[in-house]
Amino acid sequence: MKLQLALDSSNSQEAKRILEKVSDLVDIVEVGTPLLMKEGVKVVTEIKSAYPQLEVLADLKIMDAGDIEASIGFEAGADIVTVLGVAHDVTIGRAVNQARTLSKKVMIDLIAVSDVRARIDQIDAIAPDYCCVHTAFDLQDHGMDPLREIQLVQSALKRTQMAVAGGINPGILPDILAYHPAVVIVGGFITNHPEPRQAALQIKELLA
Ligand SMILES: O=C([C@H](O)CO)[C@H](O)[C@H](O)COP(=O)(O)O
């Protein structure tokens with residue numbers, strides 16, 4: 001099981017300071033959407049060259065032009081790019097083809113997919129690398145319970161591995177781990193913690 005650290009700060013200096021403290025504890029570094037929007041894909045290049053041993057994910061949340069936009073992330077140095085599950089199948093397919101050509105990976109983000117039961121089979125048929133059950137930032141204080149969706153997705157996926165994201169902390173993590181996700185994505189619990197390394201160690205202990 002991999003730990004992905006989501007760097008969602010809109011300031012790359014701050015994001016890099018946190019990464020420096022925990023880089024040995026994580027498997028995948030996510031250059032988050034706010035950071036990409038603010039500073040661009042050059043941050044992906046900078047992080048990949050500073051930490052070549054880590055996988056770097058560019059959270060591009062691609063919605064159209066799957067091959068063109070995936071290439072932008074891959075050419076910047078990303079090992080993985082994200083594509084929205086609400087995008088058309090052809091968009092997902094083009095991003096996945098681009099990833100296959102370059103020996104890279106695609107993670108599909110299920111954020112805002114209304115009928116997950118129906119959509120998950122269609123996405124799995126395209127065989128991206130990961131499919132992420134994602135509780136949106138904006139819904140995290142709305143009492144959302146991701147476990148039903150995690151169970152549904154885990155039981156439906158045949159060709160694709162499951163990732164889980166959105167407000168993950170040590171309170172909910174044991175319940176999530178019961179469904180054996182391939183990737184656990186943690187952002188704010190680590191990055192907003194007064195001691196990010198302590199927070200990451202707490203998560204690592206639970207993953208072990
Ligand atoms: O993808 C994310 C969100 O949509 C903002 O772009 C976050 O990286 C993801 O939710 C993980 O962060 P936390 O919810 O703070 O753990």
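Now for a description of the structure that goes with this document. (Residues numbered from 1 in each chain as written. Predicted model: local features only at pLDDT ≥ 70, side-chain atom pairs only at ≥ 80, totals over all residues. Heavy atoms only, no water.)

1. Observations concerning the state of the cysteines
Inspection of every chain in the model, using the stated rule, returns zero disulfides. Looking at the unpaired Cys-131, the closest cysteine sulfur is the one in Cys-132, lying at 7.9 Å. Given the relative accessible area of 0%, Cys-131 is considered buried. (Disulfide = S-S within 2.5 Å. Buried < 20%, exposed > 50% of the residue type's maximum accessible area, 1.4 Å probe, protein only.)

2. A word on the environment of Phe-74
Structurally, the position occupied by Phe-74 is in helix H4 (residues 66–76). Once the C-alpha coordinates of Phe-74 and Ile-168 are considered, the two residues, 94 residues apart in sequence, prove to be 27 Å apart. Once residues within four sequence positions are removed from consideration, Phe-74 is found in contact with Asp-79, Ile-80, Val-81, Ala-95, Gln-98, Ala-99, Leu-102, Lys-104, Lys-105 and Val-106. (Helix = DSSP H or I, 4+ residues; strand = E, 2+ residues; numbered from the N terminus. Contact = heavy atoms within 4.5 Å.)

3. Remarks on the site of the ligand
Around the ligand there are 15 residues in total, and Asp-8, Gln-140, Gly-167, Gly-187 and Gly-188 lie nearest to it. For the ligand, an oxygen atom lies 3.1 Å from a polar atom in the side chain of Lys-61. Here the ligand, which alone exposes 400 Å², has 91% of that area covered by the protein. For the shell around the ligand, the secondary structure elements donating two or more residues are helix H2 (33–39) and strand E3 (55–62). Here the shell around the ligand is built from residues that sort into four nonpolar, seven polar and four charged. (Near = heavy atom within 4 Å. Polar contact = N/O pair within 3.5 Å; in protein donor to acceptor, adjacent residues only side chain to side chain. Areas by Shrake-Rupley, 256 points an atom, 1.4 Å probe, with all protein chains shown as cover. Nonpolar A, V, L, I, M, F, W, Y, C, P; charged D, E, K, R; others polar.)

4. Considering the sheet that holds strand E8 (residues 183–186)
Ordered in space as E1-E2-E3-E4-E5-E6-E7-E8, the eight strands form a closed barrel in which the pairing is parallel. Across the sheet, the mean angle from the axis of one strand to that of its neighbour is 25 degrees, orientation sign disregarded. Relative to E3, strand E2 (residues 28–31) runs parallel, the two sharing four bridges. Residue pairing across strands places Glu-30 opposite Leu-57, the latter belonging to E3. On top of the sheet, H4 reaches E3, strand E4 (80–84) and strand E5 (105–109); it is set at about 150 degrees to E3, its chief contact. (Pairing = 2+ DSSP bridges. Axes fitted to C-alpha atoms, helices over the stretch in contact; angles between N-to-C directions.)

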